[in-house]
Amino acid sequence: MGIKEEIKRRRTFAIISHPDAGKTTLTEKFLLYGGAVQLAGSVTARKNQRQSTSDWMELERKRGISISSTVLQFDYNGYRINLLDTPGHQDFSEDTYRVLTAVDAVVMVIDAAKGIEKQTRKLFEVCRRREIPIFTFMNKLDRPTKDPLALLDELESVLKIGAVPMNWPLGTGFEFRGVFDRHAKQVHLYELNASGSYRAPVEISNLGDPIVRERLSDRTYSTMIEELQMLDHAGETFDAADVLSGKMTPVFFGSARNNFGVQLLLDGFLEYAGAPRPRTSAGRTIPMEQDAFSGFIFKIQANMDPRHRDRIAFVRVCSGKFTRDMSVTHSRTGKKVRLSNASKLFGQQRETIDEAYPGDIVGFVGQSSFAIGDTLTEEESIVYNEIPHFPPECFAMLYNPNAGLYKKFRDGVSQLLQEGVVQGFQLKNSGQKVPVLAAVGPLQFEVVQYRLESEYGAASRLEHTEWKLLRWIDPTVDQAKLAGISLPTGSALVENTEQQLAILFTGEWALNYFAEKNPEIELAEMPYKK
């Protein structure tokens, strides 16, 4: 196949949700139905059962949540799928937001009993701003739920997006028996299997088949017929263009735990999600099929394989064809680099690859100079600016309690900062060389401490601070002015690893007081571009 055909068969997407809506479980079931695994696991599985393929970090297994995004690449039905499982917990939303820069569509999982929750709404707004196509999966229909029509109305009223049900549930809770495929006009009746570990047996028929009446109660059957007639006459009409522009979401109902409706969701998504989309550089759209290879780093992860203790930079291929051992320009340093150690990822597992195309996610091992947001390109004029920044809300000091392990402590902190697990600073004009950590949520600090000890053998002591706000100082400010500034009580001047200066404040009052006393010093929530 040529490059255009290769691009058309790529599907790169993430699954997003509020915690506990079933995101990682659905990821497992996509792998099961896509033929990538033979037995589906679960993050809540007992110790003697198989663990989730996508949740590889021990801390994730202990807490039963995803902490780090995972890349899972596999082939299914003629498509090359790059699936990214993302953290749902709000404390790790930075990682999720970075991943969303690398995908072309998302599947939004909603707990049908709870409807749209806080974190789902936040993630949806990020997708809306990027005009990412959104496919909705109403999950847990095997449990008591909200009324399906009410769930549709909630999508449209709360998220302000058109919602078109692609299938419709045959009952809910204990009476949930399957779904009706509105496009094919077929009824899919499911049978339970052991813990949802295998594909659910399904019987396909039409609405007039006597078996449908036999399997459904009179009330469930009559309600379903009435709701389907209502949708046909008053519901939204499916529009593929509106889906691709993010104005309309196809809605699928089912149960990821029991594998009900998963196949229909996967097939429907692959059909309507569309091929990879081109990216822009300095306002110019970069043709994906051009000869020059380019891509950007959206994630760095160390120690995925404890046997090797190495470092992987995840790159979204944006244009051209990647070939192993090719030389590219590392945009931030301007240096030429040889891309020799390239892998496709499946959780912890790796497989060396020789080529990749736009839409693919490639892992490059052992490049210590790579950082999140860097562009790798054969055409030096291409520089992508895709990675968002977020103001931290939590701050802490990280102490090394064992002087004999200083080197391990220092190296571990440095690596975790490069990965973007947290932001790191040093107090300016202070004899103390104690790292100041900044994060969106406090659980990020727990991850830092856990990984420092488990991966680098360095214990640490965390001390929370009174700081609540961080503001960046305009780099054009005269250094003589900075030397003479007077900070409000409790505030501190800090700098990051790139020598960018910022001020930590204890609250809004301190920030306003500083602005009033130092009107000539401009501050910003986000780092100034160099």
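Parameters and conventions
Residues numbered from 1 in each chain as written. Predicted model: local features only at pLDDT ≥ 70, side-chain atom pairs only at ≥ 80, totals over all residues. Heavy atoms only, no water. Salt bridge = Lys/Arg side-chain N within 4 Å of Asp/Glu carboxyl O. Buried < 20%, exposed > 50% of the residue type's maximum accessible area, 1.4 Å probe, protein only. Helix = DSSP H or I, 4+ residues; strand = E, 2+ residues; numbered from the N terminus. Axes fitted to C-alpha atoms, helices over the stretch in contact; angles between N-to-C directions. Parallel < 35°, antiparallel > 145°, perpendicular 65-115°, else oblique. Contact = heavy atoms within 4.5 Å. Nonpolar A, V, L, I, M, F, W, Y, C, P; charged D, E, K, R; others polar. Pairing = 2+ DSSP bridges. Right-handed = clockwise from strand over helix to strand, strands pointing away. Core = buried A, V, L, I, M, F, W, Y, C linked by side-chain atoms within 4.5 Å. Lys, Arg positive; Asp, Glu negative; His and termini not counted. Polar contact = N/O pair within 3.5 Å; in protein donor to acceptor, adjacent residues only side chain to side chain. Phe/Tyr/Trp six-rings, centres within 6.5 Å; stacked < 30°, edge-to-face > 60°. Lys NZ or Arg CZ within 6 Å of the ring centre and 35° of its normal.

Visitor: Looking at this structure, how should I read the pattern of salt bridges?
Guide: Opposite charge on two side chains permits pairing when their charged atoms draw close. The final tally for this structure, using the stated rule, is 26 salt bridges. R10 is paired through a salt bridge with E6; the nearest N and O atoms lie 2.4 Å apart. A relative accessible area of 8% places E6 in the buried class. Where E355 meets K321, a salt bridge forms, and the shortest distance between an N and an O atom there is 3.3 Å. Highlighted residues: E355 in strand 21 (residues 355-356) and K321 in the loop between strand 15 (311-319) and strand 16 (322-323), separated in sequence by 34 residues. Of the residues examined, E355 reaches a relative accessible area of 38% and is grouped as partly exposed. The class for K321 is partly exposed, based on a relative accessible area of 34%. Within this structure, D104, R130, R279, R316 and E386 form a network of salt bridges that share partners.

Visitor: Whenever I open this one, the packing of helix 2 (residues 23-33) against helix 10 (residues 262-272) confuses me. Can you help?
Guide: To characterise two packed helices, one gives the angle between the axes of the helices and the distance between these axes. One can describe the packing of helix 2 onto helix 10 by two numbers: an axis separation of 10 Å at closest approach and a directional angle of 80°. As far as their axial angle goes, helix 10 and helix 2 are roughly perpendicular. The residues of helix 10 that touch helix 2, namely those facing L26, K29, F30 and Y33, are V262, Q263, L265 and L266. Across the contact of helix 2 with helix 10, the residue classes break down as six nonpolar, one polar and one charged.

Visitor: Is there a simple way to think about the pairing of strand 4 (residues 105-111) in this case?
Guide: When a strand is regular, its side chains alternate between the sheet's two faces. Taking burial as the measure, the seven residues of strand 4 include seven buried ones, the bulk of the element. Covered by surrounding structure in strand 4 are A105, V107, V109 and D111 together with V106, M108 and I110, the residues of both alternating faces. As judged from the five bridges shared by strand 1 (residues 10-17) and strand 4, these two strands associate in the parallel manner. Looking at the pairing, S17 lines up with V109 of strand 4. Sheet topology places strand 4 next to strand 5 (residues 134-139); six bridges connect them, and they run parallel. Paired with V109 across the two strands is F137, which belongs to strand 5. With helix 5 (residues 118-129) bridging strand 4 and its parallel neighbour strand 5, the resulting β-α-β unit is right-handed.

Visitor: Would you mind going over the sheet that holds strand 8 (residues 178-181) with me for this structure?
Guide: Strand pairing in a sheet is mediated by backbone hydrogen bonds. Such pairs are either parallel or antiparallel. With antiparallel pairing, the four strands of this open sheet are ordered in space as 7-8-9-10. With one partner strand each, in any of the chains shown, strand 7 (167-169) and strand 10 (202-205) form the two edges of the open sheet. Averaged over all pairs of adjacent strands, the angle between strand axes in this sheet comes to 20°, irrespective of strand direction. Bridging between strand 9 (residues 186-190) and strand 10 involves four bridges; their strand directions are antiparallel. Its bridge partner lying in strand 10, Y190 is registered against V202. The strands that helix 8 (residues 218-234) touches are strand 7 and strand 8; relative to strand 7, the one it contacts most, it runs at about 150°.

Visitor: How should the nonpolar core be read in this particular structure?
Guide: Generally speaking, soluble globular proteins have nonpolar side chains that are buried together. Counting 91 residues, the largest nonpolar core has L26, F30 and V107 as the members making the most contacts within it. Other than its neighbours up to four places away in sequence, F30 contacts F13, I15, F74, L83, V107, V262, L265 and L266.

Visitor: It is not clear to me how the side chain of D181 should be interpreted in this structure. Could you clarify?
Guide: With respect to the helices, strands and loops of the structure, D181 is situated in strand 8. For the buried D181, no salt bridge is present, and the opposite-charge side chain at shortest range is R182, 8.1 Å distant. Within the local environment of D181, its side chain forms a polar contact with the backbone nitrogen of A184, the two atoms lying 3.3 Å apart. Here D181 is in contact with M166, N167, Q186, H188 and L264, once residues within four sequence places are set aside.

Visitor: Looking at this structure, how should I read the sheet that holds strand 30 (residues 501-505)?
Guide: Here eight strands make up an open sheet; going across it, the order is 27-24-26-25-29-30-28-31 and the pairing antiparallel. Edge strands, defined here as strands with exactly one partner in the open sheet, are strand 27 (461-464) and strand 31 (523-524). Here strand 28 (residues 469-473) pairs with strand 31 via two bridges, running antiparallel. When the bridges of strand 31 are listed, I473 appears paired with L523. Here helix 11 (residues 406-419) sits on the sheet in contact with strand 24 (394-399), strand 25 (423-427) and strand 26 (436-439), set at roughly 155° to strand 24. Each of strand 28, strand 30 and strand 31 touches helix 14 (residues 508-517); the most contacted strand, strand 30, lies at about 130° to it.

Visitor: Can you help me understand the packing of aromatic side chains in this one?
Guide: Aromatic ring pairs: the centre-centre distance and the angle between the two ring planes describe each pair. A full pass over the atoms with the stated rule returns 14 aromatic pairs. For the ring pair F296 and Y384, a centre distance of 6.0 Å and an interplane angle of 55° mean the geometry is tilted. Taken together, the residues span a long stretch of sequence, with F296 in strand 14 (residues 294-302) and Y384 in the loop between strand 23 (375-377) and strand 24 at a distance of 88 residues. Assessed through its relative accessible area of 3%, Y384 is described here as buried. Ring geometry for F425 against W472: centres 5.6 Å apart, planes inclined by 50°, an arrangement best described as tilted. You can see F425 sitting in strand 25 and its partner W472 sitting in strand 28, a full 47 residues away along the chain. With a relative accessible area of 3%, F425 lands in the buried category. With a relative accessible area of 4%, W472 lands in the buried category. Through a chain of ring-to-ring contacts, three or more aromatic side chains come together here, namely F13, F30, F135 and F269. Directly above the ring of Y221 sits R213, whose terminal nitrogen or CZ lies 4.1 Å from the centroid. In this structure, R461 is placed above the aromatic ring of Y399, and the distance from its NZ or CZ to the ring centre is 4.4 Å.

Visitor: It is not clear to me how helix 10 should be interpreted in this structure. Could you clarify?
Guide: The periodicity of an α-helix, 3.6 residues per turn, causes residues three or four places apart in sequence to face the same way. Across the 11 residues that make up helix 10, a large majority, eight, are buried. Buried within helix 10 we find V262, L264, L265, L266, G268, F269, L270 and Y272. Two residues or fewer past helix 10, G274 is found with a positive phi of approximately 90°.

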